[in-house]
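In case you want the letters, here they are:
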Amino acid sequence: MTTPTHTISVLVLNKPGVLVRVALVFARRGYNIDSLVVSPVLDSEFSRMTITCSGDLASLDQIIKQLVKLIDVVRAVDHTGEAVF
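Residues numbered from 1 in each chain as written. Predicted model: local features only at pLDDT ≥ 70, side-chain atom pairs only at ≥ 80, totals over all residues. Heavy atoms only, no water.

Engineer: Would you mind going over helix H1 (residues 18-28) with me for this structure?
Structural biologist: Think of an α-helix as turning once every 3.6 residues; residues three or four places apart then point the same way. Turning to H1, its buried residues are Val-18, Val-22, Val-25 and Phe-26. Along the long axis of H1, the arc covered by the buried residues comes to 95°, so they all point the same way. Along H1, the residues that are exposed and aim more than 90 degrees away from the buried face are Val-20 and Arg-28. Check the buried side of H1 and you find it contacts strand S1 (5-13), strand S2 (33-40), strand S3 (46-54), helix H2 (57-69) and strand S4 (73-78). (Buried < 20%, exposed > 50% of the residue type's maximum accessible area, 1.4 Å probe, protein only. Helix = DSSP H or I, 4+ residues; strand = E, 2+ residues; numbered from the N terminus. Arc of directions from axis to C-beta. Contact = heavy atoms within 4.5 Å.)

Dropping the structure here:
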């Protein structure tokens, strides 16, 4: 049985060290990041991270709650199951 793939978008402040702190949240929960894309948004103060990973939904919910608690994270949203255009 394969585990479902989850897609998460994270809006973060564009500061040094933010990527490491986000990756550590996944590592502490034993999640492997399958794909990670970081891109700027219109306001240069922020960046958007798009992360795909595989695992159970309960752990993913905990990861999102922990991401939101990070001081440099503005918003974290799970887009699993949403239509992508």
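Engineer: Can you walk me through the nonpolar core in this structure?
Structural biologist: Looking at soluble globular proteins, one finds that nonpolar side chains tend to be buried together. Counting residues in hydrophobic clusters, the biggest one holds 17 residues, and the most contacted among them are Val-10, Val-22, Phe-26, Met-49 and Leu-67. Elements with a minimum of two residues in this core: S1, H1, S3, H2 and S4. Excluding residues within four positions of it along the chain, Leu-67 makes contact with Val-10, Val-22, Val-25, Phe-26, Val-73 and Ala-76. (Core = buried A, V, L, I, M, F, W, Y, C linked by side-chain atoms within 4.5 Å.)

Engineer: What am I meant to see in the pattern of salt bridges here?
Structural biologist: For side chains of opposite charge, pairing can occur when their charged atoms come near one another. Per the stated rule, a full pass over the model turns up two salt bridges. Linking Arg-21 and Asp-72 is a salt bridge whose minimum nitrogen-to-oxygen distance equals 2.6 Å. With a gap of 51 residues between them, Arg-21 in helix H1 and Asp-72 in the loop between H2 and S4 connect regions that are remote in the sequence. On the accessibility criterion, Asp-72 (7% relative accessible area) is buried. Salt bridges linked by common partners bring Lys-15, Arg-21 and Asp-72 together as one network. (Salt bridge = Lys/Arg side-chain N within 4 Å of Asp/Glu carboxyl O.)

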